[in-house]
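As a plain string of letters, each chain reads:
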Amino acid sequence: IVLTQSPVTLSLSPGERATLFCRASQSFRSSLAWYQQKPGQAPRLLIYETSYRATGIPARFSGSGSGTDFTLTISSLEPEDFAVYYCQLRGNWPPAVTFGQGTRLEIK
Amino acid sequence: QLVESGGGLAKPGGSLRLSCAVSGFPFTDYYMSWVRQAPGQGLEWLAYISGRSDYINYADSVKGRFTISRDNAKNSLYLQMNSLRAEDTAVYYCARDVVGADYYGMDVWGQGTAVTVSS
């Protein structure tokens with residue numbers, strides 16, 4: 001399964017709403033996760049099982065979707081949210097792990 | 001906490017062994033994964049291993065060259081990398097992989113260790 005994220009780059013201003021997309025090449029019976037990565041840092045888990053926020057993740061982050069189309073929404077951007085975001089799945093069969101290529105969220 | 005070590009410079013065709021020292025949680029209860037990131041590129045999953053090493057899976061890009069293993073007595077995860085290529089140059093991360101009735105993501109990550117493959 002290939003995960004394609006869009007857009008590649010998203011330019012927005014603090015306070016705006018960000019919507020990031022992740023499309024799978026085929027429908028899968030598994031769950032999707034989202035990660036945030038800032039320069040020089042390890043990735044951080046934001047969302048698991050498509051829509052559940054990981055521990056300590058602010059409520060402005062939300063995930064949704066099913067089938068082949070998934071979305072990460074940041075309701076009102078804070079300065080610290082500008083980073084690269086990756087979607088990821090772990091398939092049931094084949095039991096491989098796949099990351100999307102990432103969306104860079106930059107300050108406009 | 002996860003702390004990787006063992007990175008460095010290797011020659012093409014050479015070998016390196018990465019280690020990931022784990023503390024702060026019951027190591028045996030968790031799957032663990034290795035993920036890498038080439039310079040300026042995205043994340044690439046390499047391999048995972050179950051808590052008792054009975055389930056192991058590899059990405060096609062490293063199958064047959066890399067071997068994941070763990071020593072639960074030492075709370076340590078390993079990645080043996082053989083037949084290294086220039087395209088293996090990357091930062092290598094170990095991560096805790098939460099697998100249960102469903103998949104809950106990689107929720108704890110190390111800081112990464114850099115591997116450079118060059119003659």
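Residues numbered from 1 in each chain as written. Chains lettered and ligands numbered in written order. Predicted model: local features only at pLDDT ≥ 70, side-chain atom pairs only at ≥ 80, totals over all residues. Heavy atoms only, no water.

Draft legend 1. Main features of the overall build of chain B. Helices and strands together make up the secondary structure of chain B, namely zero helices and 11 strands. Over its C-alpha atoms chain B spans a radius of gyration of 14 Å, differing by no more than 12% from the 14 Å that the globule rule assigns to 119 residues. Expressed as lengths along the three principal axes of its C-alpha atoms, the size of chain B is roughly 45 × 25 × 25 Å. Burial analysis of chain B (119 residues in total) assigns 49% to the buried set. (Helix = DSSP H or I, 4+ residues; strand = E, 2+ residues; numbered from the N terminus. Rg over C-alpha atoms; globule rule 2.2 N^0.38 Å. Buried < 20%, exposed > 50% of the residue type's maximum accessible area, 1.4 Å probe, protein only.)

Draft legend 2. The sheet that holds strand β7 (residues 66-71) of chain B, seen in detail. Residues and elements named next belong to chain B. Strand order in the open sheet formed by four strands is β1-β3-β8-β7, and the pairing between neighbours is antiparallel. Strand pairing shows two members of the sheet lacking a second neighbour, β1 (2-5) and β7, which therefore form its edges. Ignoring strand direction, the axes of neighbouring strands in this sheet form an average angle of 15 degrees. As paired strands, β1 and strand β3 (residues 16-22) are joined by four bridges and run antiparallel to one another. The partner of V3 across the bridge, within β3, is A21. (Pairing = 2+ DSSP bridges. Axes fitted to C-alpha atoms, helices over the stretch in contact; angles between N-to-C directions.)

Draft legend 3. Spatial organisation of the packing of aromatic side chains. A full pass over the atoms with the stated rule returns nine aromatic pairs over all chains. Both rings, one in Y48 of chain A and one in Y104 of chain B, keep their centres 5.9 Å apart while their planes meet at 70 degrees; by these two values the pair is edge-to-face. With Y48 of chain A in strand β5 (residues 44-48) and Y104 of chain B in strand β10 (residues 103-109), this pair bridges two chains. Y48 of chain A gets classed as partly exposed once you look at its relative accessible area, which sits at 22%. For Y104 of chain B, a relative accessible area of 24% translates into the label partly exposed. (Phe/Tyr/Trp six-rings, centres within 6.5 Å; stacked < 30°, edge-to-face > 60°.)

Draft legend 4. Structural context of the interface of chain A and chain B. Facing the 17 residues of chain A at the interface are 21 residues of chain B. Buried surface at the junction of chain A and chain B, both sides included, amounts to about 1700 Å², of which 59% is carbon and sulfur. Interface area lost by chain A to chain B is led by P43, R90 and F99 of chain A, which between them contribute 35%. Summed over the shared surface of chain A and chain B, the number is one salt bridge. Between D97 of chain B and R90 of chain A there is a salt bridge, with the nearest N and O atoms lying 3.1 Å from each other. (Contact = heavy atoms within 4.5 Å. Buried area = accessible area lost by both parts, 1.4 Å probe. Salt bridge = Lys/Arg side-chain N within 4 Å of Asp/Glu carboxyl O.)

Draft legend 5. Structural detail: the nonpolar core. Counting 43 residues, the largest nonpolar core has L32, Y85, F99 and L105 of chain A together with M106 of chain B as its most contacted members. Residues within four places of F99 of chain A in sequence aside, it is in contact with L3, Y35, Y86, C87 and Q88 of chain A together with V35, L43, E44, W45, M106 and W109 of chain B. Counting residues in each nonpolar core, the second largest holds 26 residues, with M81, C94, V115 and V117 of chain B among its members. (Core = buried A, V, L, I, M, F, W, Y, C linked by side-chain atoms within 4.5 Å.)

Draft legend 6. Just the sheet that holds strand β1 (residues 3-6) of chain A, in detail. Residues and elements named next belong to chain A. The sheet built from four strands is open, its strands ordered β1-β3-β8-β7 with antiparallel pairing. Looking along the sheet, the strands with just one partner apiece sit at the ends: β1 and β7 (61-66). Within the sheet, the average angular offset between the axes of one strand and its neighbour, ignoring direction, is 20 degrees. Alignment of β1 against strand β3 (residues 18-24), held across four bridges, turns out to be antiparallel. Within β3, the residue paired with L3 across the bridge is A24.

Draft legend 7. View of the state of the cysteines. Residue and element names in this part refer to chain A. Within the structure shown, the criterion is met by two disulfides over all chains. With its sulfur 2.1 Å from that of its partner, C22 forms a disulfide with C87. Disulfide C22-C87: torsion about the S-S bond near 75 degrees, hence right-handed. One end of the pair, C22, is in strand β3; the other, C87, is in strand β9 (residues 84-90), with 65 residues separating them in the sequence. Overall, C22 belongs to the buried group, its relative accessible area being 1%. Take C87: its relative accessible area is 0%, and that puts it in the buried class. (Disulfide = S-S within 2.5 Å.)

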